[in-house]
Each structure stands twice: as C-alpha cells, then as structure tokens.
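# Coordinate inspection notes
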Amino acid sequence: MHPIIFFSKMDFSQSNLFGYIEDLQELTIIERPVRRSLKTPEEIERLTVDEELSDIERAVYLLSSGQDIQGTSVVANLPVLMRQNPAETLRRVLPKIREVLHVAGVEMQLTAAVSFLTVLQEESVSIHTYSHSFLHIILQNLEHRDAGVSNAWLETLLAVIEALPKETIRHEILNPLVSKAQLSQTLQSRLVSCKIMGKLANKFEAHIIKREILPLVKSLCQDVEYEVRTCMCRQLEHIAQGIGTELTKTVVLPELVELARDEGSSVRLAAFETLVNLLDMFDADDRSQTVLPLVKSFCEKSFKADESILVSLSFHLGKLCNGLYGIFTPEQHLRFLEFYKKLSTLGLQQENGHNDNQLELQTLEQEKKYISVRKNCAYNFPAMIVFVDPKNFHLELYSIFFCLCHDPEVPVRYTMAISFYEVAKLLNSGVYTIHKELVTLLQDESLEVLDALVGHLPEILELMTNGGENSGSESKLLSIPDLIPALTTAEQRAATSLKWRTHEKLLQKYACLPHIISSDQIYYRFLHRMLTIILTNNVLPVQKAAARTLCVYLRYNRKQEQRHEVIQKLIEQLGQGKSYWNRLRFLDTCEFIMELFSKSFFCKYFFLPVLELTHDPVANVRMKLCYLLPKVKSTLKIPTDKHLLQQLELCIRKLLCQEKDKDVLTIVKRTVLELDRMEISVDVFQKRFYENDLLDQEKERQEHLLLEMEQLEKEKQQNEGRSTNVNDKMFEKKRRDSKTSSVLTKSITLSVPGSSSGTSAGKEDKKSKLVRSQSFSTQALHPKYSNIDKCPNKSSATGYTSSVSGVGKSCMLSFSDDSFRTHSTGNSGNAAFLSSSSSRNLFNSADQKNNGNKESQSRKMSMPPGKSPPTLSATLTLNTCKGKIQHGLAEYTAPSAGQRMERIPSENTPWLITAGLQCHCAFDTNGLR
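Just so you know, these numbers come straight off a predicted model, no measurement behind them.

Turning to the overall build of the protein, a few remarks are in order. Helix and strand counts for the protein come out as 46 helices and six strands. Scored against the burial criterion, the 929 residues of the protein give a buried share of 47%. Carbon together with sulfur atoms contributes 53% to the accessible area of the protein, which is approximately 48,400 Å² in total.

Okay, here's the thing in structure tokens:
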C-alpha cells in the first residue's frame, strides 16, 4: 500500500507566524568577532591633541597633521576663530585652509563654502580685507570637478558680489570672465560665466553692460551646448532689467525669439518663461506683433508635439492672459479661456464627453504631469476671474471652479483651498455663489485641504455672511445653510486625527464665529464642545486654544442665564476638578478671562475661586498660581476691591508660612517682591494707567450693553404680549359693563406714559437702545476705544440701570443685574460704581415734584423682592451739589422710596437747585457727563 499524502494549506495564523519569525531569527545569529572598543590605542593616539594649545595653534596642528574629519571641524569653526582673533586667523589658519582645499574632499569643500559665506554675513572683517583674503580662494574653487561643490562656491561668490565695490568686481571678476566664457573653456566654466553675468548686470551702468557684457551674452546664447543656451536664456531677465527698455527691445527680444524656436525643449521652455516675465517691459506693438504669435504657437504645440512645455504654460497662463489682455480680440479672449478650461480638466476620467476607457492608458509619468497642470490651473484661478471679469464668473468659470474643488487629487484641492479667500474677495457681492464649495472643502477627507482653508477662514466667513445679498444679522444662517454642520464635522475630524496643530489652528480660527452666527447656535453647537475639549483632550496647545475660544464665546453670549451656567461649569469642573491637570487649565482660562473681560467681571466671578487654589495639594498648581498672582492683583481697584486685596494678602501670607515645597516657596518669595512693586489702580482715571483704564472701561461698557440688550428684548416681548392682552380685556369689559370704563381708563393711564408725546419718546428711547445694543454683536473682537455716550436720554456708559421717561405720570422700567458689585464712595468723594439694583428716573417737568410721593410708592413696589434701595455714605450740601447737578447726575431722597441715582436733563437743573433738595452725589469711573 502506498502512503496517503494529505495536502493542506499553509497555516498563517498569528501563533504559527511568530514561530516562523523566531526560526528566522535563530538563523541570522552568526558568530563573529566582537570589537570591544570603538578605537584602537593607535587611533586614539593620532586623535589626541595637547590640551595646552591655544585655539589658533590647535587649528593649525589639526590642518597640518590631523585627519580629514578634524580638518573639516576646523573649517566649520572658522567663523568663531574670526570673531575671537581675526588677525591671527588670517595670518596662520587661512593659508593652511587654502593648502588643504586643493586636495580636500567634497565634505570639506562644502563646509568651507558655507563658512566663507558666514564670515561675510557676520562682517568679522572689512570688505576690503575679505576680498583680499577670501575672494581668491573662492574663485579658485569655482571650477571644481564636482557639480555640487562648484554650485556651492558659486552661491558664495554671488553673495560676495553684492557687497564688493565696483572696482574690485571689474578687476577680479569681470576681466577674467571674458576668457572664462569662451567656447574653448569647459562646460562648467561657461555655465558659471552665464550666472555671474546675470548677477553683474545690476552692478554696472547700461553703457558698460552694452560694451563689455552684451557681446558675451550673445555668444553664450549661440553656444553649441543646450545647457549653456538654457542657462544664458534664464539670465536674460536680469540683464534686461540692467540695460533698460530700449536695449531690451533691440538686443534681448530678438535673442528670445530665436531661442523660442530652438531645437532643445529645455531652451524653448526657458525662452517662454523669460518672455512671460518680461511682458511689462514690452510695448503694445511688441506684444501684438512678436509675443502673441509666439504664445499662440506654444499653446498649439503643447498638446501635439511639445508636451514638455505644458506644465510651465499652465503655471504662467494667468499672468500671460492678464499681461496680453489689452491686445486680445474677443475671439482670442474666448480662445484662451477655452484653452484654460481644457487644461483644468486634463487627465480626468471624462473629457469632452468621452469615457477614458476609450482612450489609451496613460502612463504614470503622464498622470503626474496632468495633476501638475490641474494644480497650476487652480493656482491661476483668481487671475482668470480677473481675466473674464467677476460679473461673468457664474457663466464662464463656475463649472471649472466646481471641478477643481471636487478634483480627485489632493494637491489640486489643496491649491484651491489656499486660493479660496482670493476668489471670495474678487467675487465681492457674488460670493454667495460659491458657498457650497466652501462647505465641500470644509468636509474634505484630507486634513491638508482643511488646514489650507482654515488659514483665512474668518475672512472667508465674514465675506460669505456680509458680502452676499443676505447681509442682515437675522439672515446670517440663511446665506450658508450647511455651514454649522460642516464646521462641527471639520473640528471632529481634526480632533480624531494625529495632526494636533491643524486642530489647534482650527480652534483658534473658530473664535470668529460670534460675528458670523447667532449666540444660541454657538451656545448649543460649539461652546460645550470647547469645554469638552478642555476636559478630555491630551494636547496642551489644543486645550489652550479651546479655552481661549470658549472665553470669546462667553464674552459675546447674549443671555445672562447661559453665561452664569458656563461660569459655574468652569469653576466646578475645572477650578474644583479632581484632576490637577484640569485645575491647571482653569488658571489658563483665567488668564484669557483677564485678557478679554473687564476687571470687575473677573473680580466678581473668578477672583476668589483662583485664590482657593493656594490650598491645592499639588505643587505644580500652586506654582502656576504664584506666577499668575501679579496679573490677578492688577485687576483690583482701590478702595472698591479692598476686601479682595485683603484676601489676596492673606493667601500670600499663608503660602509664606505654610508652604513646604522648596520650588514653590522660592517662586512665592519672588512673587511677593513683584507684588510689592506693583501699584494698584484706583477707581478714578490716572495718567499712567489711562490707556488700560480706558480699554477696561470699554470692555465693561460692552458687557453692560449686552445685559441691557437682553433686558430690552425681554421687555419688547412682554410689551407685545401685554398690549394684546390689555386690548382683549378692554373689549370684553366695555361690552359687558360700561360702568367700569372710567376705572379701566385710569389704570391704563397709570401703566402707560401720560401723554402721546411721552409715549412716543419712551418708544423711541427704547428703540434707540435696542438698535445700539444689537449693533454691538457685530463689533470687532478687539474693540477700539470709543467716546462715552453723552446723550442724557440714553442709559449711562456703565449700563447698570435703564429707565424710560415720560411727561407727567410715567412708568419706570426696573430690572436687576446681579453680575456687578455695589460700590460706595467715602467722605473724600472718591469715584465709585453704583449698584446694579438701583433705578434711574428722568425729570422732565415741574409736575413730577408734586407727584413725587405717589410715584415713589409705585417705584418701590416695582423693585424685585428681597432687594432694598442702596444708600450712599457721602452727604453733600446744596452748594456742594450744584456742580454735580449741572452734569445731570444727582441723588435725591424721597419720603418712601429711599435714595436712588437719577439722570437729570440739563433743562431741569436750575429748578432742582432752587428747590432746595438735599442731594447725595456720586459718580462712576466713566466720569460725570
């Protein structure tokens, strides 16, 4: 019987695979002698240098008898030796370097070229000494057999030419150049001569160039080697700039026309690019009679016989079309536009309605070339918009714009993302036509595309929301319906990737959203996401970017309830978080709060939570807090924040007495010295703090304006609902019982300003406040200084209270603001803030004096429960108050209403002074107005 052979497949499971790997590793272990030391004693002896030698002596010794690597280190250290002892270096070291370079290898040659250039840039010696000592060595090594070494020395020489005087250039460089450019010289020598002549064209006058350089230029343009003709052709641009327009037209242009018909493709390409770069130097006749026919022939041959020029042609097409725009006929204009459209879709799957399967398979090299062509078309797209006129964009170029934004290759879409902002600026009012492509690029699968787009994202979004037809604040979201999902998707994709720099950049740019979309959209879609990133992300720059953006969102949030919720979460989840990392991020967030918000805002909400971290169990948290304490102290104002200053001093004393960590204690002592040197600002303006106080005042004014805007919007909604209910009730009661009509009329009169003029004045006042408040949401992120509002009928700059005036009986609008502290003045008359719960009333006629007691009862009833009118400690006589009343700001005492701050129109101040009221005067940091 024959044995049964079972054929089975090889098992590549994980366990067997590791077994195979171990077997292979065993086979690779081969016994070989192990060298127990890196260097032999003989080698160490040769590398040993006497430590007592000076730097100059050591350099000379190593260049004379050392190894190549030691000589290279000496050459690399040449700039240091020139700084320390230039005379000895030039006398002893530099001659040795010249001797060694004759037989030196490539590495030492490259190092010497860099060192010589560094000595020139550092100006260790005068240019005369440099040209005498270094220039000859540079010229000797220009024709090195290695092309890389020769180019390195050439770059050094071209940099030296910029600094050399004309006479030195003429004798040392220009005169030998005549012989070096001859046909009998080597190819490398002639190539070097071409580049040197291009550099010399800007160093001499036109007549010298015409006499001594142009004959060499013509000779090299006719050289037998195509490399020389190409190199000289690329230098014609620099030579044309040196000789001027007339000589360019008579000498350079004929050479370019001849080179454009050269048999070498690289020569034709160089001629075409030089021709495009020199378009500005040619007049209309030269462009129409010479340049345009050449360009047309290039375009015709690019698809047929000369594809080598296709990439360069696509790169320069935008500049070419705009440079020749004035001489194009309508037919030629359309022809070049169609040529651009053809290049923009070159190599895609469908071209001219035919499927690519019907065509021959493209090689990999062709595919790369076509990708480069489409990328260049994307680069030139803004120039083509100028070429066709932005008004014709939708008709002529939108389809190409769509194709390029949806191109299958990332480099093309990346280039479109970079140029998207330029396109948006050019379209201006027609920018709304490309909002779909913006959403597409935001949702692109490649993060490189997203990173390129994010660079100008704030400017693009501003143009999208304000530049289109829908520019109103209420229709911002309608202009870009898919914007918010696209933004959230982009952030989530960046967060899940490993490219944290793109994520950081994205979060920084998202700080512009308060000027783009509504406050509620930011609160529900972005603000909580920022807090989540701070709590969960592991990259510190990303966390800081999210913290700052969150503070910006909080700064422009228009609902006080939402602001308080976010502040509470910051304190509880970050400041009082279990992880010390979160508490460190809380301190970072507080820095941004101090940067973006007013001093009073920080002191009210974050001052005490920050001081609580002085008891933190982690030393790093206490250390970071100590670094932050000077900024914290700068937010205080005396005497208003005296109790907070005492808390700060108490915490510092505890740290000095109880701190056990040596590093933290050292920083605490250093911080105490810095705090002692600090000067605390007071409530009134001081000259040395004027700019900071003015900026802080502007921040505080905008914060109060947000609160005022929120209250006015609530009142507007309440008044609309109330007027509807009142009208319904009036109709019902009049129909049922006519006896109650008089009582009803009286009650309505008490609830609404007494006269029609008073009613209209109150409505106009509310409307002006609402419009002013709504306009705040569109202000810039960093507000500029603005003048204080001086209109007495508007609310004060501090924004603590608001009222509506009327003639006769009036209804006062009272609303509370719990986000600001009550400040009182001392007997010295220092400036102080008023309480947010205080009310302001406008006196418009003498009748209000007689009805003061009755209205005071109604005002007292209108105050929120649990609130009592604030009192001031300073009591001034009538004579003292005259000056204050003239500014329209005084405080009076009513029998039952207590003390309140009033805004008094200027026309009523004489009546108040003669009436003999007892006034208690106060004023705020914004100054009396």
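After that view of the structure, there is still more to cover.
In this structure, Ile196, Leu200, Phe381, Tyr510, Leu513 and Phe606 are the most contacted members of the largest nonpolar core, which totals 221 residues. In terms of residues, this core owes the most to one element, helix H32 (residues 540–555), which gives nine residues. If we ignore the near neighbours within four places in the chain, the residues touching Leu200 are Ile161, Ile169, Ile173, Leu174, Leu177 and Ile213.

Moving on, we come to the pattern of salt bridges. For the structure shown, the criterion picks out 30 salt bridges. The partner of Lys180 in a salt bridge is Glu143, with the nearest N and O atoms 3.0 Å apart. In this pair, Lys180 is assigned in helix H11 (residues 166–180) and Glu143 in the loop between helix H9 (135–140) and helix H10 (147–163), connecting sequence segments 37 residues apart. Judged by relative accessible area, Lys180 falls into the partly exposed class, the value being 33%. For Lys505, the salt bridge identified is with Asp451, shortest N-O distance 3.8 Å. With Lys505 in helix H30 (residues 500–509) and Asp451 in helix H26 (residues 447–454), this pair connects stretches of sequence that are 54 residues apart. Shared partners join several salt bridges into a network, and the residues in it are Arg170, Arg211 and Glu212.

As a further point, take the side chain of His333. In this fold, His333 is placed in helix H19 (residues 330–344). Engagement of the side chain of His333 in a polar contact is seen with the backbone oxygen of Phe387, the distance being 3.1 Å. What His333 contacts, discounting residues up to four positions off in sequence, is Tyr325, Phe328, Phe387 and Val388.

A few words now on the packing of aromatic side chains. Applying the stated criterion across every chain, the model contains 22 aromatic pairs. Consider the rings of Phe116 and Phe134, whose centres lie 5.0 Å apart with planes at 90°: the pair is edge-to-face. Of this pair, Phe116 sits in helix H7 (residues 106–122) while Phe134 is found in the loop between helix H8 (127–133) and H9, placing the two residues 18 residues apart along the sequence. Grouping residues by exposure puts Phe116 and Phe134 together as buried. Consider the rings of Phe116 and Trp153, whose centres lie 5.5 Å apart with planes at 80°: the pair is edge-to-face.

The rules we used
Residues numbered from 1 in each chain as written. Predicted model: local features only at pLDDT ≥ 70, side-chain atom pairs only at ≥ 80, totals over all residues. Heavy atoms only, no water. Helix = DSSP H or I, 4+ residues; strand = E, 2+ residues; numbered from the N terminus. Buried < 20%, exposed > 50% of the residue type's maximum accessible area, 1.4 Å probe, protein only. Areas by Shrake-Rupley, 256 points an atom, 1.4 Å probe, with all protein chains shown as cover. Core = buried A, V, L, I, M, F, W, Y, C linked by side-chain atoms within 4.5 Å. Contact = heavy atoms within 4.5 Å. Salt bridge = Lys/Arg side-chain N within 4 Å of Asp/Glu carboxyl O. Polar contact = N/O pair within 3.5 Å; in protein donor to acceptor, adjacent residues only side chain to side chain. Phe/Tyr/Trp six-rings, centres within 6.5 Å; stacked < 30°, edge-to-face > 60°.

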